[in-house]
Amino acid sequence: MVFQVVDPAALTRALGGVDPYLALGVLGTLTAAVIFALGRGRLVDDTLETAQPRSFGQTLRHSAHEASFVTVWVAVAYLGWQVISPGTGFDGSQLALAGLVGVLVGAALLALPG
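Residues numbered from 1 in each chain as written. Predicted model: local features only at pLDDT ≥ 70, side-chain atom pairs only at ≥ 80, totals over all residues. Heavy atoms only, no water.

A. Looking closely at the overall build of the protein. Tallying secondary structure elements over the protein gives five helices and zero strands in all. Counting from the amino terminus, the protein carries its helices and strands in the arrangement α-α-α-α-α. Relative to its full complement of 114 residues, the protein shows a buried share of 11%. Relative to all contacts within the protein whose residues are 6 or more apart in sequence, the contacts with residues 24 or more apart total 38%. When the accessible area of the protein is evaluated, it comes to approximately 8,700 Å², of which 71% is carbon and sulfur surface. (Helix = DSSP H or I, 4+ residues; strand = E, 2+ residues; numbered from the N terminus. Buried < 20%, exposed > 50% of the residue type's maximum accessible area, 1.4 Å probe, protein only. Contact = heavy atoms within 4.5 Å. Areas by Shrake-Rupley, 256 points an atom, 1.4 Å probe, with all protein chains shown as cover.)

Okay, here's the thing in structure tokens:
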């Protein structure tokens, strides 16, 4: 989509009304959630044995777990924002004007995954 090689509307019509970018995004997020769940919801570097992969396969597993961790937390944050924003009328664009409170809210949100 970034390169605009194919018109998204034409591609959607060709696929019977299914938005391919939405379908790909949902599929990728679900795949990340499954990988995250199979890793028991923790980072791979939680033990010394997994902190330094010794083979190519371990490196790929490590990368998949790390990427799924980030993807799941981004999806959770996005869905949370979509629930909180319309439900409360909170507009996050004003946080930059809140000074220290805006910084503390941002730091609290970023600290959740870690």
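B. Looking closely at a nonpolar patch on the surface. Nonpolar side chains collect at one region of the surface, where Trp81, Val83, Ile84 and Phe90 lie side by side and expose about 390 Å² of accessible area between them. Mapped onto the fold, isoleucine 84 is located in helix H4 (residues 56–88). (Patch = residues over 30% accessible without salt bridge, like charges linked within 9 Å, V, L, I, M, F, W, Y side chains within 5 Å. Salt bridge = Lys/Arg side-chain N within 4 Å of Asp/Glu carboxyl O.)

C. Inspection of helix H2 (residues 20–38) at higher detail. Helix length check: H2 (19 residues) gives 27 Å between terminal C-alpha atoms against 27 Å at 1.5 Å per residue, within 8%. Those residues of H2 not exposed but buried are Pro20, Ala32 and Phe36. Along the axis of H2, the buried positions cluster into a sector of 140°, meaning they face one direction only. Those residues of H2 that are exposed and aimed more than 90 degrees away from the buried face are Leu22, Leu27, Leu30, Ala37 and Leu38. Capping the start of H2 is the job of one residue whose side-chain oxygen sits 3.2 Å from the backbone nitrogen of tyrosine 21: aspartate 19. (Expected span 1.5 Å × (residues − 1). Arc of directions from axis to C-beta. Polar contact = N/O pair within 3.5 Å; in protein donor to acceptor, adjacent residues only side chain to side chain.)

D. Examining the packing of aromatic side chains more closely. The final tally for this structure, using the stated rule, is one aromatic pair. Ring geometry for phenylalanine 36 and phenylalanine 69: centres 5.9 Å apart, planes at 40°, overall tilted. Of this pair, phenylalanine 36 sits in helix H2 while phenylalanine 69 sits in helix H4, and the two are 33 residues apart along the sequence. Both residues of the pair, phenylalanine 36 and phenylalanine 69, count as buried. (Phe/Tyr/Trp six-rings, centres within 6.5 Å; stacked < 30°, edge-to-face > 60°.)

E. Just H4, in detail. Taking 1.5 Å of rise per residue, 33 residues should cover 48 Å, and H4 covers 47 Å from first to last C-alpha, within 8% of that figure. For H4, the set of buried residues is His62, His65, Ser68, Phe69, Val72 and Ser85. Directly beyond the C-terminal end of H4, a positive phi value near 80° is found at glycine 89.

F. Looking closely at the packing of H2 against H4. With their axes 8 Å apart at the nearest point, H2 and H4 run at an angle of 120° to one another. Note on packing geometry: the crossing formed by H2 with H4 is left-handed. Between H2 and H4, the contacting residues are Thr29, Ala32, Ala33, Ile35 and Phe36 on the first element and Ala64, His65, Ser68, Phe69, Thr71, Val72 and Ala75 on the second. Residues belonging to the contact of H2 with H4 are distributed by class as follows: eight nonpolar, four polar and no charged. (Axes fitted to C-alpha atoms, helices over the stretch in contact; angles between N-to-C directions. Left-handed = near helix turned anticlockwise from the far one by under 90°. Nonpolar A, V, L, I, M, F, W, Y, C, P; charged D, E, K, R; others polar.)

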